[in-house]
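Observations on chain architecture
Listed below are the residues making up each chain.
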Amino acid sequence: MSGLFACLLKKEWLDAVRDKRAFTAAMMIAFVGPVMIAISIMISVNKIQTQEPFYIQLEGAEQFPSLVDALKAKAILTDIPPQKEADFSVTISPEFTTELNKGEPAEIVIRGDFSEQTTQIRLKRFKRVLTAFASELGAMRLMARGISPAVVNPFKIIEQDTSSAQSRAGMILKMIATFVLMSVFVASTNVAIDCSAGERERNSLEFLLAQPVKPLSLVMAKTLNTSFFSLVGAALTLLMMGIVIAYLPFHKLGLTINFSVEMGLIIWLVMVPLAIFAATFQLITSFKSKTFKEAQSYISMTIILPMMVPMMLTMANVEHPALEWLPLTGQNAFIADMVKGEAVNMMGLLLSSMSTLSLAALFIWLMARGLKTEKMILGL
Amino acid sequence: MLTVDALEKSFGEVKAIDGIEFRANDGEITGLLGPNGAGKTTCLRSLFGLLQPDSGEVWVDDIDVSKDPIAARQRLGIFPDKFGLYERLTTKEQVRYFANIHGLTGDACEQAIARVTAALKMSDIVDRKTAGFSQGQRMKVALAQALVHQPQNLILDEPTRGLDVMSTRLLRDILLDLKAQGHCVLFSSHVMHEVAALCDKVVIVAGGKVAAQGTIEELCALAGTNQLEDAFVKIIGSDEGIAA
C-alpha cells in the first residue's frame, strides 16, 4: 500500500469512526436480529409448554356428564367465571341420551365465530376430545356385537416425520442468514452516504478532487473504509447470534442448532466480497444522488433487498441455477445450506463471490470515471 | 504562472464562459474581478482541472491542465469558493492530510505544518477539531491547507468573503509575502477596494468574457475615471453585482 493511499484511507477512517452517534446507531443492527430471534423462540417455547385453558358455554351437560370431566382433563372448562368469556358454545340436544341409547347419531351443536386463529385452534382441541370419545364408544359398540373394531379401520396411518431436528431448525437459521446479509448493508450505510453525498454537501469533495490525487484512489479508499464498517457490523451480528443461540432453550422445541465459531468465521469470510459490493453499491447510489437526503431515501429503499430477495425466493419457491451464483442470492443460499447442515455448493460460492466482486469493480470504475465529470463532482 | 487561452464552457443552454483569455504572472497578484455569475468560479474550476472546457486551453506553468491535471494540481494551492472543513478532524490532521496528498511525509511534513501554523498565527486552533470554528478560523485552515506544500501558484476564489478586519489584513499580508517570494497569486473577487489595494493586474470579467485587463491605472485611464469602481462600472456597462 502506497503512502498516498494509506493517507487517504486514514482520513476516511478517522472521519467515519469519529461520527460516534452514527457509528453506534449503525452497529445497533447487530442487536436487532439476535433479539428478534430470541423473542420468537421464547414465544414458541411458551406456546408449546403450556396448554392454555379456555372456556366454553356447555348446555345440556347433564346428559353427558363424563364429557365435562374429559374436557377438564384437557384444560377446557365449562364453569365460566364472571370476568371470562366463552370462546364458543356447545349445545347437547335434549334427545342426546335417547338417540345415543338407540344407536343413532346424537346431535352436538357447536356455535361460535371461528374466524380467529386462536378460536380455531381451540375448536380443534375440543373436537379432539369428542373424537376420542366417539371412537371409544364406537369400538365398544362393535365389540358388544362381536365385531373387532379393527374392521372399521381399513387403514392404519402412521405418520413419520423425516425432517431432522436440524432441518426444522433451518427455518430459524434462515433468519440468521437474512440478518447477517442485512447487517452487511445497514452497518455501512451512513459511512457510505457521509463520505460521498455528505462530502459534496459539506463542500469538501470539490476541494479534495482538485488535489493531485486520482479519483480511482479516492474511490478505492472510500470503498475499503466503507466495507470495513460492513464487516464489523457482520462480525458483531454473528457474535450476538452465537451468544443468543448458546443461551436459548432450543432443546425445548426439540431442535438442535449447531452454530460453531468455525461456522461464524466461514460466514464472515463469505461476507467479505458482499461487503465490498454493498460499499460500492451504496457509494455509487449516493454519488449519483444530489443531496444527502436523496441518497438516504434511495438507499433505505435498496436496503430492503437483502431482506426481501431471500424471503421472496422462499415464498415463491423459485429454483434457478442462476440464483446460486448471483450476488446476494448466492451468499444467502450458501449460508442457508451451511447452517442447515446440508452440503454446500462450493462452485456456487466461488461463482457468486466472483460475480459480486465483478459488479463491485464495475461500480468502482463507474465512480472513478464519474468523479472526473462536473455532473458528479458538483452534483448537478 | 497561470494561462487561460480562449476558454469556452457551456452548461446546457447557458454559456458560462465565452472566450476568456488572460495570464497571471509569477511575482504578481492578479485579480479576477467581475459581478456575480460572470464566470469567475467556472474559470477557476477549469484551472483546477475540475471542468472540461468546451474549447480553449488552460495552463499551469508549462503544464496543459487538460492533458495532465495531476501534475498541474501539484503546482497549485487552492482556496476554493466554498470550502468545507472536515469537522471531525483537528486542524493539524486536516492540514496534514492535504500535505500528504501533495507528497509531504514524515519530518518534512511536520515542519511544513509548523511553518504554516506560525505564518497564519493559528497555534491556538491547531489541535482543535474544526467544528464550530469562526469564519476567520475557517479561513486560516483553508489557507493553511492551500499553502502547506508551498505551491508556486495560489488561486483564491473570493477569499475575503465574510472575514473581519483582522483576518482580512492577515490574508493580505500573506498574499503580499507570497508575491515578494515570486509566487503567482490569482484571486477572484467582487470587492473593489480589496482588488485595488492588492492587485498588480486586474482582469475584468463580465458575461463570460474579458471586458478589459491591465493595471489599475491602465483600467482607470481606459475608462477615463479616477476610481477602479467607476472604471469597473463603465467597462462592464452596468452597476450590477458590486458589493457595498
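On a predicted model such as this, the values are computed, not experimentally measured, just so you know.

Points about the overall build of chain B
Assigned secondary structure in chain B consists of nine helices and ten strands. At 18 Å, chain B has a C-alpha radius of gyration in line with the 18 Å of a compact globule built from 244 residues. Considered along the principal axes of its C-alpha atoms, chain B spans approximately 50 × 40 × 35 Å. Long-range pairs, those at least 24 residues apart, make up 66% of the contacts in chain B with a sequence separation of at least 6.

What about the overall build of chain A?
Within chain A one finds 15 helices and four strands. Relative to its length of 380 residues, chain A is extended, with a C-alpha radius of gyration of 31 Å against a globular reference of 21 Å. C-alpha atoms of chain A, sized along the principal axes, occupy 105 × 45 × 35 Å. By the burial criterion, 34% of the 380 residues in chain A qualify as buried. A separation threshold of at least 6 residues defines the contact pool for chain A, and within that pool the share at least 24 residues apart is 77%.

Section: the interface of chain B and chain A
Taken together, the 22 residues of chain B in the interface contact 21 residues of chain A. Contributions of two or more residues to the side of chain B that touches chain A are made by α2 (69-74) and α3 (91-101) of chain B. Of the residues contributing to the side of chain B that touches chain A, the split by class is 13 nonpolar, five polar and four charged.

Side note on the environment of R45(B)
Residues and elements named next belong to chain B. Relative to the elements of secondary structure, R45 occurs in helix α1 (residues 40-48). We classify R45 as buried; it has 23 C-beta atoms within 10 Å. In this structure the C-alpha to C-alpha distance between R45 and D157, which are 112 residues apart in sequence, comes to 9.6 Å. Not counting residues up to four positions away in its chain, the partners in contact with R45 are L50 and L51.

Quick look at the packing of helix α5 (residues 135-147) of chain B against helix α6 (residues 165-180) of chain B
All names here are of chain B. In contact at an axis separation of 10 Å, α5 and α6 are set at 20° when each is read in the N-to-C sense. When the axes of α5 and α6 are compared, the pair comes out roughly parallel. Remark: the crossing between α5 and α6 carries right-handed chirality. The residues of α6 that touch α5, namely those facing G136, M139 and L143, are M166, S167, L171 and I174.

Looking at the pairing of strand β3 (residues 88-92) of chain A
Remark: a regular strand shows side chains that alternate across the two faces of the sheet. Residues and elements named next belong to chain A. Examined bridge by bridge, strand β1 (residues 54-59) and β3 share four bridges and lie parallel to one another. In the strand pairing of β3, L58 is matched with V90. Pairing of β3 with strand β4 (residues 108-111), which is carried by four bridges, proceeds in the antiparallel orientation. Bridge pairing in β4 places S89 opposite R111.

Observations regarding the sheet that holds strand β5 (residues 63-64) of chain B
All names here are of chain B. Ordered by their spatial adjacency, four strands build an open sheet running β2-β1-β4-β5, and the pairing between neighbours is antiparallel. Edge strands, defined here as strands with exactly one partner in the open sheet, are β2 (14-24) and β5. Sheet topology note: the strand β4 (residues 55-60)/β5 ladder contains two bridges and is antiparallel. Note that in β5 the partner of W59 across the bridge is D64.

Re unusual backbone geometry
One non-glycine residue, N203(A), adopts positive backbone phi at about 65°. Counting through the fold element by element, N203(A) comes out in the loop between α7 (165-201) and α8 (205-209).

Digging into the nonpolar core
Residue and element names in this part refer to chain A. Within the largest apolar cluster, 149 residues are counted, with the highest numbers of intra-cluster contacts made by V180 and V184. Setting aside residues no more than four positions away along its own chain, V180 makes contact with A234, T237, L238, I267, M271 and I335. L58, L67, V90 and F126 belong to the second-largest nonpolar core, a separate cluster that totals seven residues.

Some words on the packing of α3(B) against α5(B)
Residues and elements named next belong to chain B. In the contact formed by α3 and α5, the axes pass within 8 Å of each other and the chain directions differ by 30°. The angle between the axes of α3 and α5 places the two elements in the roughly parallel class. Between α3 and α5 the crossing geometry is right-handed. Residue-level inspection shows T91, Q94, V95 and F98 of α3 in contact with α5, the latter providing V141, A144 and Q145. Tallied by class, residues from the contact of α3 with α5 come to four nonpolar, three polar and no charged.

Here we look at the sheet that holds β1(A)
Pairing between the strands of a sheet comes from backbone hydrogen bonds, and it takes one of two forms, parallel or antiparallel. Strand order in the open sheet formed by four strands is β2-β1-β3-β4 (chain A), and the pairing between neighbours is mixed. At either margin of the open sheet sits one strand with a lone partner, and together these are β2 (76-77) and β4 of chain A.

Considering the confidence of the model for chain B
Per-residue confidence for chain B gives a mean pLDDT of 90; residues scoring 70 or more make up 97%. Scoring of the predicted complex yields 0.80 for pTM and 0.90 for ipTM.

A short note on the pairing of strand β10 (residues 209-214) of chain B
All names here are of chain B. Of the strand pairs in this sheet, strand β9 (residues 201-206) and β10 are connected by five bridges, and their pairing is antiparallel. Directly across from V202, in β10, lies its bridge partner G214. Counting the residues that bridge the hairpin from β9 to β10 gives two residues, and of these G207 lies at a positive phi of roughly 55°.

Topic: the environment of L4(A)
Tracing the sequence through the fold places L4(A) in helix α1 (residues 3-17). Residue L4(A) is classed as partly exposed on the basis of its C-beta count, with 18 C-beta atoms lying within 10 Å. L4(A) has contacts with V213(A), S217(A), N100(B) and I101(B), leaving out every residue within four places of it along the chain.

Here's the deal with the environment of D200(B)
All names here are of chain B. With respect to the element layout, D200 can be found in the loop between α7 (192-198) and β9. Overall, the presence of 15 C-beta atoms within 10 Å leaves D200 in the partly exposed class. When the C-alpha positions of D200 and A24 are compared, they lie 9.9 Å apart, and in sequence the two are 176 residues distant. Sequence-distant contacts of D200, defined by excluding residues within four places in its chain, comprise E28, I29, T30 and T215.

How each quantity is defined
- Residues numbered from 1 in each chain as written.
- Chains lettered and ligands numbered in written order.
- Predicted model: local features only at pLDDT ≥ 70, side-chain atom pairs only at ≥ 80, totals over all residues.
- Helix = DSSP H or I, 4+ residues; strand = E, 2+ residues; numbered from the N terminus.
- Rg over C-alpha atoms; globule rule 2.2 N^0.38 Å.
- Contact = placed C-beta atoms within 7 Å.
- Buried ≥ 20, exposed ≤ 12 C-beta atoms within 10 Å, placed from the backbone.
- Nonpolar A, V, L, I, M, F, W, Y, C, P; charged D, E, K, R; others polar.
- Axes fitted to C-alpha atoms, helices over the stretch in contact; angles between N-to-C directions.
- Parallel < 35°, antiparallel > 145°, perpendicular 65-115°, else oblique.
- Left-handed = near helix turned anticlockwise from the far one by under 90°.
- Pairing = 2+ DSSP bridges.
- Core = buried A, V, L, I, M, F, W, Y, C linked by C-beta atoms within 7 Å.
- pLDDT = per-residue confidence, 0-100.

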